[in-house]
Amino acid sequence: LSLIRRIESSDNDIRNDLDTNDAVDLFNEISKRDPSRKTVVVLDEIDTIRSADVRRELAYLLKQLGDRECPVKFIYVGIADTVEELLSDHESASRYIATVPLERLSMDVLSEMVVEGFKQLGIELWEHFATRIARVSDGFAHFTHLISLKLAYIAIDNELTKLGAEHIEQALAMAVEDSEAWLKNLYEHAVQKYRDRYEAVLWSAADHWQLDRSTDHMYPAYLRICGDLRQTPLPRPKFSGALNALKGQAHGQALVSKTRSWFRFRQAMLRGYCRMVAESRGIQVGAAYLASNSVRHANGGPTTSEC
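Residues numbered from 1 in each chain as written. Predicted model: local features only at pLDDT ≥ 70, side-chain atom pairs only at ≥ 80, totals over all residues. Heavy atoms only, no water.

Novice: An account of helix α6 (residues 141–157) is requested, with residue identities and associated values reported.
Specialist: Here α6 contains 17 residues, and its C-alpha end-to-end distance of 24 Å stays within 8% of the 24 Å for a straight helix at 1.5 Å per residue. F143, T144, L146, I147, S148, K150, L151, A152, I154 and A155 are the residues of α6 that are buried. Buried positions along α6 lie against α4 (107–121), α5 (127–137), α7 (165–177), α8 (181–191) and α12 (268–280). (Helix = DSSP H or I, 4+ residues; strand = E, 2+ residues; numbered from the N terminus. Expected span 1.5 Å × (residues − 1). Buried < 20%, exposed > 50% of the residue type's maximum accessible area, 1.4 Å probe, protein only. Contact = heavy atoms within 4.5 Å.)

Here it is, written out as C-alpha cells:
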C-alpha cells in the first residue's frame, strides 16, 4: 500500500454557473484520466457548515454521484447523531452512505495522550493534571491538543521541567482565548444577554458524561456552580425557563430538546468549550465524569469509554 501526495494543476476555463450535474461530469472526467488510480475526496467538519442549503446540496451531490455510478468516493466527516441530521434531513442521501459511528474518546485515552506528549518533551506532568485536561475535553481530542499545546508553550518559554496547577490555569485561559471563532461565537451568542444568569445554567448542562440531561439532574449541579460563583441561584421554575430560553434564536439555539424537560447541546463541542471556560475561571464542571465512572465500575457497568 502506498500513498502518493502531489499537487496537479492545469489551466482550464470553467464556467461560473456550474450546478451539481456539472460537478459530477467533472468528477467522472477526473476518474477517466487514470482509471488505475482511485480518487477519494474527504470533507471534514461538515457539522460546522451553518447553511442548511449548502448541506442539502452536498447530500444531493452524493445522490447524483451514486445515480450516475461515478467511481470517485467521498468521505463526509462531522459530529451528529445521524447522517440525516448531518445533511439536513435529506430523505435519500443516506442510501448512498456507509455510516461509521465513532464514540467520544475515553478519559484514559485522552490522559495518555497528554502524559506521553510531555514525557517526550522531558517535562514532568502530574497524572492528576492530565486527567483534569481529559475531563475538560469532554471526549474531544481537539480540546486535549489545544490545552496541551498552550501548556507546552508555557513550559518551553519558561524553561520548565515540571508543571504545576498555576500553569494549568494559564493554559486553560490561553486555550479559551485561542479557541476557534465559531465556538466562541456560539458561546457568546448563548450567554450575551444576562451573562450572570445564563452562564451558570449552560455550565450545569455540561456537568456530566451523559449527552442528554434532565432538568431534575441539572438543577443540583446548577446550585453547586452558583455556590462556587457566590451567585444567588434562580428558583427551580426560572431555571427551567432559562433552559428553554437557551433553545431559542435569541441565544443561538445553544440547547435542543427532543423530550420535555430533557436537554442536550445542539453542537456537541460546545459542551467541552463550556467546561474549558468554567475551569479557566476556577469552577469545576464535569467532575461527575469521575464520580460516575467510579460508581459504574463498582456496579459492574460499562466503562466511560463505552458510554
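This is not the end of the story, as more comes after the structure.
Novice: Explain unusual backbone geometry to me, and be specific about the residues and the numbers.
Specialist: The phi torsion of most residues other than glycine is negative, and most of the peptide bonds are trans. A positive phi is found at D138, a non-glycine position, where the angle reads about 60°. Following the sequence through the fold, D138 ends up in the loop between α5 and α6. The residue E159 is not glycine, and still its phi comes out positive at about 55°. Inspection of the secondary structure puts E159 in the loop between α6 and α7.

Novice: Tell me about α5, residues and numbers included.
Specialist: The buried fraction of α5 amounts to 8 of the 11 residues, a majority that puts the element mostly inside the structure. Where α5 is concerned, the buried positions are F129, A130, R132, I133, A134, R135, V136 and S137. Backbone geometry just downstream of α5 places D138 in the positive-phi region, at approximately 60°.

Novice: A description of the state of the cysteines should follow, citing residues and the corresponding values.
Specialist: As enumerated under the stated definition, the model contains 0 disulfides in all. Considering cysteine sulfurs only, C274 is the nearest to C226, which forms no disulfide, with 14 Å between them. C226 gets classed as buried once you look at its relative accessible area, which sits at 1%. You can call C274 buried: its relative accessible area is 0%. (Disulfide = S-S within 2.5 Å.)

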